[in-house]
Amino acid sequence: MLEHAWRELRHDQKWCASHSTKETDKSKRRKVEFGSIHSSEASQVHGESEASQARPPGVNAAKGKGKKTANSSPNVEVEGHTLERIQILWDIKQQTFALKQQEHALKDKLTNKKLLGFLLAKSDPFTEIEEELKTKLIREILL
């Protein structure tokens, strides 16, 4: 049963690193595979080269590489359309900003007129601050 599992998993990325050892390995422990044959000798016996035992890139590295290649080589036509689209959106934003400024100015004028109306409708004598506010509002409305 273990032999069947090994045959299935021996080429899996996780097990390839433990399966093959380098000749420059300076560890004190020997890695033994099926008796006393070293893994480098075993790969030569089975007809496998060390280049085929190279570890493949990880999942995250492969995903990152795919994303970089997709973003790094955009089509020239797409860039032109994107630039035009950005310019159109910029123009629309400027127009909406100008309209909002006009709307804000109209709201300020309306608020000032309402405030002046409340001050003029007041029957009590004005305080010094109310008198200054009334004259200021009248100047702004007349100008």
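Look above for the structure.
Note that the coordinates shown come from a computational prediction; the quantities given were computed from them, not determined experimentally.

### With respect to the overall build of the chain
No. 1: Counting its secondary structure elements, the chain contains six helices and two strands.
No. 2: Starting at the N terminus and walking to the C terminus, you meet the elements of the chain as α-α-β-β-α-α-α-α.
No. 3: Out of the 143 residues belonging to the chain, those deemed buried represent 10%.
No. 4: A total accessible area of about 13100 Å² is found for the chain, and carbon and sulfur atoms account for 59% of it.

### So, the pattern of salt bridges
No. 1: For the structure on display, the rule yields four salt bridges.
No. 2: Note that Arg-7 and Glu-3 form a salt bridge whose closest N and O atoms lie 3.3 Å from each other. Here the residue Arg-7 and the residue Glu-3 both occupy positions in helix 1 (residues 2-9), the gap between them amounting to four residues, near one helical turn.
No. 3: The exposure class assigned to Arg-7 is partly exposed, which follows from its relative accessible area of 47%.

### Digging into the environment of Gln-13
No. 1: Examined against the element boundaries, Gln-13 turns out to sit in helix 2 (residues 13-19).
No. 2: For the pair Gln-13 and Ala-54, spaced 41 residues apart in the sequence, the C-alpha separation amounts to 9.4 Å.
No. 3: Contacts of Gln-13, omitting those with residues within four sequence positions, involve Arg-55, Pro-56, Pro-57 and Gly-58.

### Considerations on a nonpolar patch on the surface
No. 1: A surface patch of nonpolar side chains, amounting to about 270 Å² of accessible area, comprises Ile-88, Leu-89 and Ile-92.
No. 2: Its place among the elements puts Leu-89 in helix 5 (residues 76-121).

Parameters and conventions
Residues numbered from 1 in each chain as written. Predicted model: local features only at pLDDT ≥ 70, side-chain atom pairs only at ≥ 80, totals over all residues. Heavy atoms only, no water. Helix = DSSP H or I, 4+ residues; strand = E, 2+ residues; numbered from the N terminus. Buried < 20%, exposed > 50% of the residue type's maximum accessible area, 1.4 Å probe, protein only. Areas by Shrake-Rupley, 256 points an atom, 1.4 Å probe, with all protein chains shown as cover. Salt bridge = Lys/Arg side-chain N within 4 Å of Asp/Glu carboxyl O. Contact = heavy atoms within 4.5 Å. Patch = residues over 30% accessible without salt bridge, like charges linked within 9 Å, V, L, I, M, F, W, Y side chains within 5 Å.

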